[in-house]
Amino acid sequence: MKTLRDVVEKVKSDKELRPYFLDFICKNLVLGMSDVFTVNSVDRTRIQKEFYESLHSLSEQLQKEVQQESLHPIIEEVSKYYLGKIGRVSFEQYPTN
């Protein structure tokens, strides 16, 4: 029987799920930033909608691979994994003309 750890490792390496996780993580970061910075209510509603749509899409895709009761722990662990891989934000330096 597969443990949660085994399933998390499998999901981490699933290239088809990766874009769904990355989209979810990005939308989650934007939603978090809207808590810190002033955002009007229309934009806040749009950001929340996009976040939940992203979570829904990820959950639908993940449900094809894992059981319903494992969704949230797996989303949390794999998201932490991706965030840990990012390390730091850097910007490419291009020579100016």
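Remember, predicted model here, so these are calculated numbers, not experimental data. In this convention, every chain numbers its residues from 1, walking through the sequence in written order. This being a predicted model, a pLDDT of at least 70 is required before a residue's local features are given, and a value of 80 or more before pairs of side-chain atoms are given or counted; all residues contribute to the totals for chains, interfaces and linings. Heavy atoms from the whole structure form the basis of all side-chain values; hydrogens and water molecules are not counted.

A word on the pattern of salt bridges. By salt bridge we mean one thing: a side-chain nitrogen of Lys or Arg within 4 Å of a carboxyl oxygen of Asp or Glu. Tallied over the entire structure, the rule returns nine salt bridges. Its salt-bridge partner being lysine 10, residue glutamate 65 comes within 3.1 Å of it at the nearest N-O pair. Here the residue glutamate 65 occupies a position in the loop between α3 (41–63) and α4 (71–86), and lysine 10 occupies one in helix α1 (residues 4–12), the gap between them amounting to 55 residues. With a 1.4 Å probe rolled over the protein chains alone, any residue whose accessible area is under 20% of its type maximum counts as buried; one over 50% counts as exposed, and the rest are partly exposed. Judged by its relative accessible area of 40%, glutamate 65 is partly exposed. Using a relative accessible area of 42% as the deciding quantity, one classes lysine 10 as partly exposed. The shortest N-O distance in the salt bridge between aspartate 43 and arginine 46 comes to 3.8 Å. Separated by three residues within a single helix, aspartate 43 and arginine 46 lie in helix α3, roughly one turn from each other. Using a relative accessible area of 29% as the deciding quantity, one classes aspartate 43 as partly exposed. Helix and strand definitions here come from DSSP, where helices need a minimum of 4 consecutive H or I residues and strands a minimum of 2 consecutive E residues; each element is numbered from the N-terminal end.

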